[in-house]
Amino acid sequence: GRPLRYAGAKLADQKVPAALIADRPLDHFTAPTDETARKDREALAKVADIAIEALVSSRPATIVGVAGDGTVNVPDIQLTAIRLSDSTVLAQASSTDVLGKDQQAGAIAKKFDIREITEATALALLEDLTVTTK
């Protein structure tokens with residue numbers, strides 16, 4: 001949240017959207033489906049203009065070393081900013097944008113912790129948002 005607040009975003013109390021979202025997937029709010037989804041989308045739009053979907057997992061990356069190759073797990077973070085009023089995807093970023101792929105990602109992930117990688121990914125999302133949003 002810190003990079004978003006520093007960029008001027010007003011974050012909603014996470015309890016309000018979380019109560020509205022409950023255990024439903026984000027596509028319930030973005031896909032034009034039934035009447036219930038439309039009402040849920042309108043309720044969520046009253047407390048937020050944009051929803052940011054965050055998918056977090058890990059992936060293996062190979063590190064080339066003098067004594068041989070090794071494998072480390074690196075964060076695999078995907079962020080998507082979606083405007084709730086019309087379900088438009090405004091911006092996307094992933095930790096691969098920050099870390100690079102395979103050998104490069106492994107080496108970088110050993111130097112930085114998950115918090116720093118997450119923050120850099122959020123900043124990449126903000127950059128994409130400022131470059132592509134009209």
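The structure we're discussing is the one just above.
Our subject in this report is the structure included herewith.

Reading guide: rules and limits
Residues numbered from 1 in each chain as written. Predicted model: local features only at pLDDT ≥ 70, side-chain atom pairs only at ≥ 80, totals over all residues. Heavy atoms only, no water. Helix = DSSP H or I, 4+ residues; strand = E, 2+ residues; numbered from the N terminus. Buried < 20%, exposed > 50% of the residue type's maximum accessible area, 1.4 Å probe, protein only. Contact = heavy atoms within 4.5 Å. Areas by Shrake-Rupley, 256 points an atom, 1.4 Å probe, with all protein chains shown as cover. Polar contact = N/O pair within 3.5 Å; in protein donor to acceptor, adjacent residues only side chain to side chain. Pairing = 2+ DSSP bridges. Axes fitted to C-alpha atoms, helices over the stretch in contact; angles between N-to-C directions. Salt bridge = Lys/Arg side-chain N within 4 Å of Asp/Glu carboxyl O. 1 Å grid on protein atoms, 1.4 Å probe; cavity = no way out; pocket = protein on both sides within 12 Å on 5 of 7 lines; lining within 4 Å. Points joined across faces, edges and corners; volume = space filled by probe spheres on them. Nonpolar A, V, L, I, M, F, W, Y, C, P; charged D, E, K, R; others polar.

## Considering the overall build of the chain
So, step 1. On a plain count of helices and strands, the chain comes out with seven helices and three strands.
So, step 2. Each helix and strand of the chain, ordered N terminal to C terminal, gives the series α-α-α-α-β-β-β-α-α-α.
So, step 3. Counting every position in the chain, which comprises 134 residues, the buried fraction comes to 31%.
So, step 4. Taking all contacts inside the chain whose residues are at least 6 apart in sequence as the whole, residues at least 24 apart take part in 54%.
So, step 5. As displayed, the chain has an accessible area near 8,700 Å², and 53% of this comes from carbon and sulfur atoms.

## Side note on the side chain of arginine 59
So, step 1. On the secondary structure map, arginine 59 appears in strand β1 (residues 50-63).
So, step 2. In terms of polar contacts, arginine 59 uses its side chain to reach the backbone carbonyl oxygen of glycine 100, at 3.2 Å.

## Thoughts on the sheet that holds strand β2 (residues 70-83)
So, step 1. What the three strands build is an open sheet, ordered β1-β2-β3; its pairing is antiparallel. At either margin of the open sheet sits one strand with a lone partner, and together these are β1 and β3 (88-94). Across the sheet, the axes of successive neighbouring strands diverge by a mean angle of 15°, strand direction being ignored.
So, step 2. As judged from the six bridges shared by β2 and β3, these two strands associate in the antiparallel manner. The partner of leucine 79 across the bridge, within β3, is alanine 93.
So, step 3. Packed onto the sheet, helix α6 (residues 102-111) meets β1 and β2 and runs at close to 100° relative to β1.

## A closer look at the pattern of salt bridges
So, step 1. Throughout the structure, instances matching the rule amount to two salt bridges.
So, step 2. Residue aspartate 86 is joined to arginine 83 by a salt bridge in which the shortest nitrogen-to-oxygen separation is 3.0 Å.
So, step 3. Residue classification places arginine 83 among the partly exposed residues on the basis of a relative accessible area of 27%.
So, step 4. Between aspartate 113 and arginine 115 there is a salt bridge, and its shortest N-O distance comes to 3.5 Å.
So, step 5. Residue classification places arginine 115 among the exposed residues on the basis of a relative accessible area of 52%.

## Remarks on the layout of surface pockets
Vacant regions in the atomic arrangement are exposed by a probe of water-molecule size rolled over the atoms.
So, step 1. Approximately 230 Å³ is the volume attributed to the second largest pocket.
So, step 2. Gly1, Arg2, Pro3, Leu4, Ile52, Ala54, Leu79, Arg115, Thr118, Glu119, Ala122 and Leu125 are the residues that line the second largest pocket.
So, step 3. Along the lines of polarity and charge, the residues of the lining of the second largest pocket split into seven nonpolar, two polar and three charged.

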